[in-house]
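Take a look at the letters that make up each chain.
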Protein chains: 2
Amino acid sequence: MSEFDLIRKYFTAAPCAQRGEGITLGIGDDCALLALPAGEQLAISTETLVAGVHFADPCDSFLLGQRSLAVAVSDLAAMGAYPLAFTLALTIPTANIDWLQGYVHGLNVMAKSCNVGLVGGDTTRGSLSLTITVFGRVPTGQELTRSGARPGDLLCVGGTLGDASGALPLVLGQRTADIAIAQPLLAHYWSPQPQLALGLALRGKATSAIDISDGLLADCEHIAKASAVSLVVERQKLPLSYALIAFAGDDKAYMAALNGGDDYVLVFTVPPVELVALLASGWPVYVIGRVEVGHGGVTLLDAIGQDITPAVRGYQHFCETS
Amino acid sequence: MSEFDLIRKYFTAAPCAQRGEGITLGIGDDCALLALPAGEQLAISTETLVAGVHFADPCDSFLLGQRSLAVAVSDLAAMGAYPLAFTLALTIPTANIDWLQGYVHGLNVMAKSCNVGLVGGDTTRGSLSLTITVFGRVPTGQELTRSGARPGDLLCVGGTLGDASGALPLVLGQRTADIAIAQPLLAHYWSPQPQLALGLALRGKATSAIDISDGLLADCEHIAKASAVSLVVERQKLPLSYALIAFAGDDKAYMAALNGGDDYVLVFTVPPVELVALLASGWPVYVIGRVEVGHGGVTLLDAIGQDITPAVRGYQHFCETS
């Protein structure tokens, strides 16, 4: 048995390969099989992370295991899907068992937190990269797409913004900070928590949703274009964490909130009456703007209503050279 | 818009992203959505191909496009699943449009032939590799697993064996041959045809099935172990193509048929009465052995019934060093 066959056995025996709901047949045959309740559709999303592009190399493999799965599952949250399963295609230069144990441990922790089971994949030799495909289920017609925002809706987010990209100087070892400040920022970067419960709560209420991976303004533009509306973002309403402001200062904190990627917080549009119902149920969501008639644009306003929309938005991965 | 955003638009506009059946929402949102008829399950399989390990680099990107999809879809055939869709995670070192056009063209041709639509994926910068995840549907209880073979069943294959690995000296440019010999061998390597129709015909008849990717003996061992039986393969019954024998000679042709990978022909077990029904319907299947009581082993017999089982079986990718 080759060392790569051993690795496959190791994944097959992992706790995350032993659950769960909806999985009729897991790892070990030509295909995995998933069952869906009547009236539900399967939601699918794929994410690739490449060493040196999407994460520093070397890095802690436990943290990478957590983050790689969370990033993919976040797309299920953005669709209002209930999580079921995932596949992992892992390409690694050598069969380093210490590295793999850390990675699988991180994967197990996040899989348990997100209630997904590993149902298949492939392990190959090559430059370090990983592709995770996630599966969820959503009742037909209740999916949260990007294309349903309507003028009059409010624009909201599901948590504080900018923490993950604000943590980059810590991730890259360029700066240090007190543990009380560093810990929450690094946690946002390395173990983002997909907002699955919020996604389910938004079914039938939100008119559109997306998870913030490219940066707030860039992702708002995706909604604006898909819905053929204009989105107005009010900068002073952006929720910022104490840790981010203390670490980065006001100006850089706002920049991180507007253009930093990797937040994996939901941004969504919702009619005012539905927002009241969400707030009444205790959901900690923040109104950051509104939907207007328009043609796919995003406008940023300052505290006195002046247009301060930046010319360039969006997020380049920290090591990407183009 | 970055060059990688342009590539994503290019895939979104590809013909294979415009079909098909069962796809409720295709490329462009946080998730794709697939619908299943009542009583059917979703079948999922993932394959990664790495340049220099699973294919020569450089190679013809059109041929790679065909082959990469065929290899993945073949797992749906082996499960008796009806094909629906696929996702593509493509990692490339540079945004070479000529290369991409060839690749997408190959993908389009195979996607049309296999009746699958591209529903999502990811394009990233890095060493050339690609991960394709395929989706199909199969009525609950009619899936063809590896674990149902029973003593008394016959062992069969769905086509000639060894052609793809026999073609390797041609693929690698180490040998040449007359076009009448080279063409069918290279076609088996670069554009294997997933045996989807045969997989569907085997539903309710075959007791187990697998597609030959590791080599006949190695894949028979997968069935033998999963079913807890012994498989007996009779070497003189292996179907070999005229081209393979003419190119490689008898001995090497048998070696390719037994241990060569990449055939993507189905091997399956079937009770004699069901085999008669398959043959009566005109399916060109070949009996190559039988299932006996046992514990996961595979025995190879020569023409006079002597045990000639090799000690080592299975297939190492042609550039793999371990």
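Residues numbered from 1 in each chain as written. Chains lettered and ligands numbered in written order. Predicted model: local features only at pLDDT ≥ 70, side-chain atom pairs only at ≥ 80, totals over all residues. Heavy atoms only, no water.

Asks: Just give me the short version of the UniProt feature "binding site: substrate" (unreviewed entry) in chain A, but keep the residues and values in it.
Replies: Residue and element names in this part refer to chain A. Under the local residue numbering, the UniProt record ascribes the feature "binding site: substrate" (unreviewed entry) to H54, D262 and Y315. By the element assignment, D262 lies in the loop between α9 (242-259) and β10 (266-270). Its relative accessible area of 5% is what places D262 among the buried residues. (UniProt positions renumbered as here; feature names shortened; annotations may be inferred. Helix = DSSP H or I, 4+ residues; strand = E, 2+ residues; numbered from the N terminus. Buried < 20%, exposed > 50% of the residue type's maximum accessible area, 1.4 Å probe, protein only.)

Asks: Give a description of the relation of the copies chain B and chain A that names residues and reports values.
Replies: Take chain B, turn it by 180°, move it 0.0 Å along the axis, and it overlays chain A with an RMSD of 0.0 Å. The two molecules are tied by a two-fold rotation axis, judged by turn and shift. The overlap is high: 100% of the interface residues of chain B also sit at the interface in chain A, so the same surface is used on both sides. (Least-squares fit on C-alpha atoms with pLDDT ≥ 70 in both. Contact = heavy atoms within 4.5 Å.)

Asks: Lay out the domain arrangement of chain A with the relevant residues and their values.
Replies: One frequent convention defines the size of an interface as the accessible area lost when the parts assemble. All names here are of chain A. Domain annotation of chain A identifies domain 1 (3-139) and domain 2 (154-301). Each of domain 1 and domain 2 has a C-alpha centre, and the two are 25 Å apart. Each side of the interface is counted separately: domain 1 has 24 residues, and domain 2 has 17 residues. Between domain 1 and domain 2 the total buried area reaches about 1,700 Å² when both faces are included, carbon and sulfur atoms providing 65% of it. Broken down residue by residue, the surface that domain 1 buries against domain 2 is led by R67, A77 and A78, which jointly contribute 31%. (Domains from an automatic or database assignment. Buried area = accessible area lost by both parts, 1.4 Å probe.)

Asks: Quick one: what's the story with the interface of chain B and chain A, residue by residue and with numbers?
Replies: Counting from both sides, the interface comprises 48 residues of chain B and, opposite them, 48 residues of chain A. Interface area, chain B with chain A, both sides summed: about 3,800 Å², of which 55% is carbon and sulfur. Of all residues in chain B, D30, I44 and R125 of chain B bury the most surface against chain A, accounting for 18% of the area lost on that side. Put simply, chain B and chain A have four salt bridges between them. With a shortest N-O distance of 3.1 Å, R146 of chain B and D30 of chain A are connected by a salt bridge. In this structure, the connection of chain B to chain A is made through 19 residue pairs in polar contact (both at pLDDT 80 or more). Looking at the side of chain B that touches chain A, the elements with two or more residues in it are β1 (23-25), β2 (32-34), β3 (40-50), α2 (61-79), β4 (82-92), β5 (117-125), β6 (129-139) and β8 (208-211) of chain B. Here three bridges tie strand β3 (residues 40-50) of chain A to β2 of chain B, and the two strands are oriented antiparallel to one another. Paired with I44 of chain A across the two strands is A32 of chain B, which belongs to β2 of chain B. (Salt bridge = Lys/Arg side-chain N within 4 Å of Asp/Glu carboxyl O. Polar contact = N/O pair within 3.5 Å; in protein donor to acceptor, adjacent residues only side chain to side chain. Pairing = 2+ DSSP bridges.)

Asks: Mind laying out the pattern of salt bridges, listing which residues take part and the relevant values?
Replies: Residues and elements named next belong to chain A. This structure, assessed with the given rule, holds 18 salt bridges over all chains. Between E234 and R290 there is a salt bridge, with the nearest N and O atoms lying 3.4 Å from each other. Taken together, the positions of E234 in strand β9 (residues 230-234) and R290 in strand β11 (residues 286-292) put the pair 56 residues apart, joining distant regions of the chain. The exposure class assigned to E234 is buried, which follows from its relative accessible area of 15%. Given a relative accessible area of 31%, R290 falls into the partly exposed group. Residues participating in the shared-partner salt-bridge network are E234, K237, R290 and E292.

Asks: So, the UniProt feature "binding site: Mg(2+) 3" (unreviewed entry) in chain A: which residues are in play, and what are the values?
Replies: The UniProt feature table records "binding site: Mg(2+) 3" (unreviewed entry) at D30, D75 and D211 of chain A. In summary, the annotated positions, distributed over 182 residues, remain apart in three dimensions as well, the widest C-alpha pair reaching 32.7 Å. Position of D30 of chain A among the secondary structure elements: in the loop between β1 (23-25) and β2 (32-34). Classification of D30 of chain A by relative accessible area gives buried; the value is 5%. Among all residues touching D30 of chain A, those that are not within four sequence positions of it are I44, S45, D75, A78, M79, R146, A209, I210 and D211 of chain B. Positionally, D211 of chain A belongs in strand β8 (residues 208-211). The contacts of D211 of chain A, once residues within four sequence positions are left out, are S74, D75, A78, D219, Y264, V265 and L266 of chain A together with D30 of chain B. A polar side-chain atom of D211 of chain A sits 2.8 Å from a polar atom in the side chain of S74 of chain A.

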